Amino acid sequence: MVVEFDLTLQQLYYTMQRAVICHKIGGYGEVLSLSSTEIPSVHDDTVKVRVLAAGIAFPDVLVVEGKHMMKREPPFVPASELCGVVVEIGEDVDSVKVGDYVFGTSLTGSLAEFALMRDVDCHPVPAGVVPEVCAGFEINYGTAWHGLKDLANISEGETVLILGASGGVGMAAIDIS
């Protein structure tokens, strides 16, 4: 997979980035703005990723509105799923290397130019899969898999009725079943 983006080595040393910031808890249409924020620093077991695509799921909206079980204190960068290219790794990271294309969940929010991921949350992007698909994969397919396999314990040959397949999780459930 080859994804082109204009990122020079000098840009990796900038300290500021553009990101969508949630400045206070409330309606997502009222509390989000494009702002400048510091580029997160890598820790021992984390990876810095140049975000190529971000996934936004219903839980991300609930977090911004203060209605999710996971509460965040503003200001923060919303959304957790992303696909990108590794630009820096922490000292203890040996599962990925700079230049790898990865997808997964972010520690620092994915609606930014750069984000941090734990190395164990980095999954390799399969050949031929575009970043926009990978960025929305983990939460939708993970939720569907958990419901169908872990909780319902469906197996091959069983019939599954999926009510409400208009969103990402429902479409993933159809795909899995």
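For the structure, see preceding data.
Just so we're clear, the structure is a prediction, and the values are computed from it rather than from any experiment.

S.K.: Explanation requested: the packing of aromatic side chains in the structure shown.
M.R.: How two aromatic rings sit relative to each other is given by the distance of their centres and the angle of their planes. Taken as a whole, this structure holds two aromatic pairs when the rule is applied. A ring pair is formed by Phe103 and Phe137, whose centres lie 5.8 Å apart and whose planes are at 85°; its orientation type is edge-to-face. Taken together, the residues span a long stretch of sequence, with Phe103 in strand S5 (residues 101–105) and Phe137 in the loop between helix H3 (131–134) and helix H4 (138–151) at a distance of 34 residues. Judged by relative accessible area, Phe137 falls into the partly exposed class, the value being 35%. Each ring, one from Phe137 and one from Tyr141, has its centre 4.5 Å from the other, and the planes form 15°; the classification is stacked. Each residue in the set Phe103, Phe137 and Tyr141 is aromatic and connected to the rest through ring pairs, giving one cluster.

S.K.: What should I look at first to understand the side chain of Thr46 in this one?
M.R.: Among the secondary structure elements, Thr46 is positioned in strand S3 (residues 46–55). At 2.7 Å, the side chain of Thr46 and the backbone nitrogen of His43 are in polar contact. When near neighbours in sequence (up to four residues on either side) are disregarded, Thr46 contacts Ile89, Gly90, Val93, Leu107, Leu116, Met117, Arg118 and Asp119.

S.K.: What am I meant to see in the sheet that holds S3 here?
M.R.: Either a parallel or an antiparallel arrangement is found when strands of a sheet pair, and the pairing is made through backbone hydrogen bonds. Across the sheet, which stays open at both edges, the five strands sit in the order S6-S3-S4-S5-S7 with antiparallel pairing between neighbours. For this open sheet the edge positions go to strand S6 (114–118) and strand S7 (123–124), each flanked by a neighbour on one side alone. Of the strand pairs in this sheet, S5 and S7 are connected by two bridges, and their pairing is antiparallel. Paired with Phe103 across the bridge in S7 is His123.

What counts, and where the lines are drawn
- Residues numbered from 1 in each chain as written.
- Predicted model: local features only at pLDDT ≥ 70, side-chain atom pairs only at ≥ 80, totals over all residues.
- Heavy atoms only, no water.
- Phe/Tyr/Trp six-rings, centres within 6.5 Å; stacked < 30°, edge-to-face > 60°.
- Helix = DSSP H or I, 4+ residues; strand = E, 2+ residues; numbered from the N terminus.
- Buried < 20%, exposed > 50% of the residue type's maximum accessible area, 1.4 Å probe, protein only.
- Polar contact = N/O pair within 3.5 Å; in protein donor to acceptor, adjacent residues only side chain to side chain.
- Contact = heavy atoms within 4.5 Å.
- Pairing = 2+ DSSP bridges.

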